[in-house]
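Listed here are the chains, written in short residue letters.
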Amino acid sequence: MDPIYKPEEIEPEAQAAWAGARAFAAREDAGGEKYYCLCMLPYPSGKLHMGHVRNYTIGDVISRYQRMRGRNVLQPMGWDAFGLPAENAAIANGVPPGRWTRDNIDYMRKQLKALGFGIDWSREVATCDPDYYRWNQWLFLKMLEKGLVYQKTGTVNWDPVDQTVLANEQVIDGRGWRTGAPVEKRAIPMYYMRITAYADELLAALDDLPGWPERVKTMQANWIGKSEGVRIAFPYALDNHDDKLWVFTTRADTLMGVTFVAIAAEHPLAQRLAEGRADIAAFVEKCRTGGATEAELATQEKEGVPTGFHVAHPLTGEPVEVWIGNYVLMGYGEGAVMGVPGHDERDFLFAHKYGLPIKQVVAAGDAAYDADNWQPWYSDKYGVVTVNSGKYDGLNYQQATDAIAADLAAAGCGEKRVQYRLRDWGISRQRYWGCPIPIIHCERCGEVPVPEDELPVVLPEDLVSDGSGNPLAKSDEFMHCECPRCGGAARRETDTMDTFVDSSWYYMRYTSPDADSMVDARAHYWLPVDQYIGGIEHAILHLLYSRFWTRVMRDLGLLTIDEPFTNLLTQGMVLNQIYFRRSDSGRITYYNPAEVDVRDGQAVLIADGEPVESGGLGAMSKSKNNGVDPQTLIDRYGADTVRLFTMFAAPPEQTLEWSEAGVEGAARFLKRLYRMVAEHVAQGQTAALLPDKLGTAARELRRQTHATIAKVGDDIGRRYTFKTAIAAIMELLNAVGRFEPKSEQDHAVVAEALDAAVLMLAPIVPHVCHRLWQALGHADAVIDVPWPDADAAALKRDELEIVVQVNGKLRGRIAVAASAGRGEVEAAALAEENVQRFVGGKPVRKVIVVPGKLVNVVV
């Protein structure tokens, strides 16, 4: 055996052996226990980053461990291939996004294989393949039949120069990312999936997911946002027509404190009131260029315009003025809110800005109310009673809510209602690179579904977008078609589906990648996913949509499960230092940490020796230029070193701080491991191990070997504390290094320890363990060897080391026979020389013995 560790030779050899044996091909085995381990599929951006490496290494370690435990493991891989980044890259490079995407997939697949991940590549899927997205379209049509898909007008960001819809991230300071033109909010017809039909079930079922982090379940619960409140109508008459303005509130107890109502600029009433009113029309137009998300509305300055139009208070009949507010979203609730400035901080600030009345209708004991200064108790629900509310005075929150709701119902102006923050999922995207929506528009027949036997509607991949409008709308070949109903001239829908549709069910397709149906019987064997691994940034939308999608397929008879993922692990980000310079104009240029040297605490650019500023630690990203290319590390150190570093540097849920010294330390450890095995093998053939023939030191080493097996199995298999598992194996190898074999049996104990270390490290650093297992004289491949079992007999100790304290402070250690009774342990502790010194002849008041651990002498 060559004593020099050469990963550039070892790793290709191991990978070739696995490929030749089709080692990771998953097969449905009704008699075997399955284990489906899945990492979130990557976007094919061009290169893997260290976040990918960490994510997929965690998954691979778990998969390989479960394989060694005898489970039938599925670990697949695919590509979240549609989406805006590909379209933007295609615009920048003047190439079709399909070509850019597939070239990236080829390169990233090569990188994944170089890292030795045990992936079943025969199940690979790309969401941009027609064989995949055909089933997006098929299920869309089934949901349309069931009323779970519908069309309504939605609000989008519109770039008037490029004549295209922009994603929220493409709007920068209210302007289009490419043109710089002020972005408008435009109402257009869009398709929605009725996720709200499952809101109750999605919320309640969170309690049945013990394998999910509490943080994630809380985030989902907050996003679903169940609220119990009252839907209230404010009657009005306009153009000789009676109507009602509806609001929803969780604070019906404050209804008598309403001094205005605010409606969204897109509200139908706002549109009618703007007719003939230049000031209102101008404000509505201004709102069109404002934010379109809750986050934007929360941070922007609250503005409004009075309409001079009044609605009637539903209980008193008093007139209440209608305002149009930029902080009210049409897409949330009723598109209108009742203004109670006395007990809502946002309304309070709005009322002060515009001089609107503020009325106190809730009181807390003798606490004084100041209409000029906000106090937190003003918005409390509990511990307060209603005041200035006529017949409702003196009632607590629940009593007032019940009484007011009853009176509203009697007047035909309200009802109790459970409402959700969750909104139906708008899936229409006015962009090219995505799954076509299978709808045909006919002037005679309206919106006509594409017949199932004509699926998939194939996206042309040869179009090149210039950023101005959707290329599909300019493609006669794609656009123009016959109506399936009347045979007349028609046009295809040019909107494509949100890419969350693609990722909502990809894990199902892995189970049945070649099925001529969405899924087949193989899905029943593999699902649900036993372990899902991915970033916390996907805790809400992706996971929520996947849970919704699973239930839809269940209700269509395609699946028998309710939840897609039994256990969820959200790994932390990979951090690195950020360095930059700021020009006189304020422009920031970022420098990769590899380009920077830190001398005497000062960071300087290696190229010119001049200082750069430090931005501290931050997540690796292209924008901050602080990433590390995994391929460079693989070429320099080998894949196993990269894998070992990512698993040892930090627990998986925590952030991982990049450290070149940490990578080098991992490389040193593997070299040492390799050298230890080489030196052992050089000593010749090992005799059979005879536990009864071992000396004291050999028995202790064997005990440590089996204690390590027990600990590492628990750390990897149950706790996912990979760092402590690796540390325990390192301690075992340190013990092997200190042990001096003097007999054949001593040599056999070392062989057992090295065998165990290689087997325990095999899921983490599989390439080097493949070579070392062979070198240790084994004919079978290490991936086919079961996880070692701890020998209970070996774990028994002849002697125990006991800590001795005097008045709770450590004063000595004693060695006693494992079979020693309490009296023997106590006597040995009192006889220990250092203990006697601290007792100092004082009378011993009590001796506390914790068996096998410590003795505390109280004087």
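See the structure printed just above.
Residues numbered from 1 in each chain as written. Predicted model: local features only at pLDDT ≥ 70, side-chain atom pairs only at ≥ 80, totals over all residues. Heavy atoms only, no water.

Things to note about the pairing of strand 5 (residues 149-159)
Taken together, the 10 bridges between strand 5 and strand 9 (residues 184-193) define a ladder with antiparallel strand orientation. Residue pairing across strands places Gln151 opposite Tyr191, the latter belonging to strand 9. In this structure, strand 5 lies alongside strand 6 (residues 164-166), joined through 3 bridges in antiparallel fashion. Bridge pairing in strand 6 links Trp158 to Val165. Counting the residues that bridge the hairpin from strand 5 to strand 6 gives 4 residues, and of these Gln163 lies at a positive phi of roughly 55°. (Pairing = 2+ DSSP bridges. Helix = DSSP H or I, 4+ residues; strand = E, 2+ residues; numbered from the N terminus.)

A few points about the sheet that holds strand 24 (residues 489-492)
Judged by pairing direction, the sheet is antiparallel, and its 4 strands sit side by side in the order 22-21-24-23 without closing on themselves. Both edges of this open sheet fall to strand 22 (446-449) and strand 23 (480-482), since each of them pairs with a single strand only. On average, each strand axis in the sheet is tilted by 40° relative to the strand beside it, whichever way the strands run. Alignment of strand 21 (residues 439-442) against strand 22, held across 4 bridges, turns out to be antiparallel. Considered in strand 22, the bridge of Ile439 is made with Pro449. (Axes fitted to C-alpha atoms, helices over the stretch in contact; angles between N-to-C directions.)

Points about the layout of surface pockets
In this structure, the second largest pocket occupies an estimated 1000 Å³ of space. What lines the second largest pocket is a set of 32 residues, among which Phe248, Thr250, Val337, Asp344 and Arg346 lie closest to the centre. When residues of the lining of the second largest pocket are traced back to their parent elements, those giving at least two are strand 11 (241-249), helix 10 (294-299), strand 15 (336-339), helix 11 (345-354) and strand 18 (414-420). Of the residues assigned to the lining of the second largest pocket, the class counts are 12 nonpolar, 11 polar and 9 charged. (1 Å grid on protein atoms, 1.4 Å probe; cavity = no way out; pocket = protein on both sides within 12 Å on 5 of 7 lines; lining within 4 Å. Points joined across faces, edges and corners; volume = space filled by probe spheres on them. Nonpolar A, V, L, I, M, F, W, Y, C, P; charged D, E, K, R; others polar.)

Brief notes about the nonpolar core
If you look at the biggest cluster of nonpolar residues, it comprises 180 residues, and the most contacted ones within it are Phe140, Met193 and Trp549. The residues contacting Trp549, other than those within four sequence positions of it, are Leu139, Met193, Trp425, Val501, Ser504, Trp505, Met508 and Met518. Counting residues in each nonpolar core, the second largest holds 38 residues, with Phe234, Leu238, Ile280 and Tyr392 among its members. (Core = buried A, V, L, I, M, F, W, Y, C linked by side-chain atoms within 4.5 Å. Buried < 20%, exposed > 50% of the residue type's maximum accessible area, 1.4 Å probe, protein only. Contact = heavy atoms within 4.5 Å.)

Brief notes about the packing of aromatic side chains
Within the structure shown, the criterion is met by 37 aromatic pairs. Ring centres of Tyr36 and Trp526 lie 6.5 Å apart, and the angle between their planes is 75°; this geometry places the pair in the edge-to-face category. Here Tyr36 is found in strand 1 (residues 34-39), whereas its partner Trp526 is found in helix 16 (residues 521-526), with 490 residues between them in sequence. Arranged with centres 5.8 Å apart and planes meeting at 70°, the rings of Trp135 and Trp138 form a pair that is edge-to-face. In this pair, Trp135 and Trp138 are both assigned in helix 5 (residues 130-145), 3 residues apart and thus about one turn of the helix distant. Through a chain of ring-to-ring contacts, three or more aromatic side chains come together here, namely Tyr198, Trp425, Phe500, Tyr545, Phe548 and Trp549. Over the ring of Trp18 we find Arg64, and its NZ or CZ is 4.5 Å from the ring centre. Seen from the ring of Trp246, Arg231 lies directly overhead, with NZ or CZ sitting 3.9 Å from the centre. (Phe/Tyr/Trp six-rings, centres within 6.5 Å; stacked < 30°, edge-to-face > 60°. Lys NZ or Arg CZ within 6 Å of the ring centre and 35° of its normal.)

Worth remembering: the numbers are spatial, not functional.
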